[in-house]
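Reading the structure
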Amino acid sequence: MKVAHAIAQCLVDHGIKHVFTISGGGNLHLIHAIADTEGIEYVCPQNEQAAGFAADAYARLTGMGCALVTSGPGATNLMTPILASFYDSVPVLYLTGQVATFRMVQDGEVRQIGFQETQIVEMVRTITKYAVTVRHARDVIPELEKAIATAKEGRPGPVLIDLPDDITRTEL
């Protein structure tokens, strides 16, 4: 089983039945996994910002929402809906694709290495309850569990998990 399929099943296990997504190179494995998994489906709005606001609205109705976008501009287009979820205390799981870990900046001396590599976690740290880039396949499900619990506990709010492409393709 690929990590992407484990993610999709984890979402189902937490009662998430719909994921609002726009496809891109950094999230295609996750979209395919959602399509392959019983009990969950994806909805494709017109753009990433619409996906984020749809997930926010869905959370207001169901208790938890989820948006999935790709790296770079796809991820930064979520910043306004993330902020709306933060201001209104809405529990939304925002998932962003990311370049493969071996294409990520390691030392900070260059701006980017991978195509559309963006440090989205640093950008959203002050407007989320929790944000992390997962760097090892073994950490994906524990991080998802932590993020979903964090989004719902105390004063609810948005969380973000940044998922490098090579991690989502890894076999468990």
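Located above this text is the structure these notes cover.
Residues numbered from 1 in each chain as written. Predicted model: local features only at pLDDT ≥ 70, side-chain atom pairs only at ≥ 80, totals over all residues. Heavy atoms only, no water.

What about the overall build of the protein chain?
Using the following cut-off: Runs of E in the DSSP output that reach at least two residues are strands. Runs of H or I that reach at least four are helices, and both are numbered from the N terminus. For each residue, the accessible area found with a 1.4 Å probe, counting protein chains only, is set against the maximum for its type, and the residue is called buried under 20%, exposed over 50%, and partly exposed in between. By definition, residues are in contact when any of their heavy atoms lie within 4.5 Å.
Each helix and strand counted, the protein chain has 8 helices and 6 strands in total. Put simply, the protein chain runs from its N terminus to its C terminus through helices and strands in the order α-β-α-β-α-β-α-α-β-α-β-α-β-α. With respect to the principal axes defined by its C-alpha atoms, the protein chain has extents near 45 × 35 × 30 Å. The 172 residues of the protein chain split such that 53% are buried. Counting only contacts in the protein chain whose residues sit at least 6 apart along the sequence, the fraction spanning at least 24 positions is 75%.

Things to note about helix H1 (residues 3-13)
Restricting attention to buried positions, one finds in H1 the residues Val3, Ala4, Ala6, Ile7, Ala8, Cys10 and Leu11. Taken from the residues just after H1, Gly15 is the one with a positive phi, measuring 80°.

Some remarks on the nonpolar core
Definition in use: Throughout this description, the term nonpolar core refers to a set of buried Ala, Val, Leu, Ile, Met, Phe, Trp, Tyr and Cys residues connected via side-chain atoms within 4.5 Å.
By size, the foremost hydrophobic cluster in this structure holds 31 residues, and its most contacted members are Leu11, Leu93, Leu95 and Ile161. If you list the elements that add at least two residues to this core, you get H1, helix H2 (28-36), strand E3 (65-69), strand E4 (92-98), strand E5 (130-133), helix H7 (140-152) and strand E6 (159-164). Here the element with the most residues in this core is H1; it accounts for 6 residues. Those residues within four positions of Leu11 in sequence are excluded, and the remaining contacts are Ile16, Val19, Ile40, Cys66, Leu93 and Leu95. With 19 residues, the next largest nonpolar core counts Phe20, Ile82, Val121 and Leu160 among its residues.

Some remarks on the environment of Val121
Structurally, Val121 is set in helix H6 (residues 120-124). Ignoring sequence-local partners within four residues, the contact set of Val121 consists of Ala131, Val132, Thr133, Leu160 and Asp162.

So, the packing of H1 against H2
We apply this condition: Orientation is described by axes fitted as lines to C-alpha atoms, over the contacting stretch for helices, and by angles from 0 to 180 degrees between their N-to-C directions. Any angle that is under 35 degrees is reported as roughly parallel, and any over 145 degrees as roughly antiparallel; angles of 65 to 115 degrees are reported as roughly perpendicular and all others as oblique. Should the near helix be turned counterclockwise from the far one by less than a right angle, the crossing is left-handed, whereas a clockwise turn marks it as right-handed.
Where H1 contacts H2, the two axes come as close as 8 Å, and the packing angle between them is 55°. It follows from the interaxial angle that H1 and H2 lie oblique. In the packing of H1 onto H2, the handedness of the crossing is right-handed. For the pair H1 and H2, contact is made by Ala4, His5, Ile7 and Ala8 and by His29, Leu30, Ala33, Ile34 and Asp36, respectively.

Here's the deal with the side chain of Asp162
Formally: Working convention for charge: Lys and Arg count positive, Asp and Glu count negative, and His plus the chain ends are omitted. We define a salt bridge as a side-chain nitrogen of Lys or Arg found within 4 Å of a carboxyl oxygen belonging to Asp or Glu. We call two N or O atoms a polar contact when they sit within 3.5 Å, provided that within protein one can donate a hydrogen and the other can accept it, with sequence-adjacent residues counted only if both atoms are side-chain atoms.
Structurally, the position occupied by Asp162 is in strand E6. Within the buried core, Asp162 has no salt-bridge partner, and the shortest N-O distance to an opposite charge, that of Arg135, equals 7.0 Å. Among the polar contacts made by the side chain of Asp162, one reaches the side chain of Thr96 at a distance of 2.7 Å. Within the structure, the side chain of Asp162 is placed 3.0 Å from the side chain of Thr133, a separation counted as a polar contact.

Some points on the pattern of salt bridges
Scanning the model with the defined rule gives 5 salt bridges in all. Residue Arg60 pairs with Asp56 through a salt bridge whose shortest N-O separation is 2.5 Å. Highlighted residues: Arg60 and Asp56, both in helix H3 (residues 48-62), separated by 4 residues, approximately one helical turn. Between Arg60 and Asp88 there is a salt bridge; the shortest N-O distance is 2.7 Å. Taken together, the residues span a long stretch of sequence, with Arg60 in helix H3 and Asp88 in the loop between helix H5 (79-87) and E4 at a distance of 28 residues. Beyond isolated ion pairs, a larger network of salt bridges with shared partners links Asp56, Arg60 and Asp88.

Overview of the sheet that holds E4
Formally: The pairing criterion is simple: DSSP has to find at least two bridges between the two strands.
Pairing in this open sheet of 6 strands is parallel, and the strands run E2-E1-E3-E4-E6-E5 from one edge to the other. Of all the strands in the sheet, the pair left with one neighbour each is strand E2 (41-43) and E5. Looking at each pair of strands side by side, their axes are set apart by 20° on average, direction ignored. Note: E5 against E6, 4 bridges, orientation parallel. By the bridge assignment, Tyr130 is partnered in E6 with Val159. Across the sheet, H2 is in contact with strand E1 (18-21), E2, E3 and E6; its angle to E2 comes to roughly 125°. H7 rests against E4, E5 and E6 of the sheet, and its axis sits at about 165° to E6.

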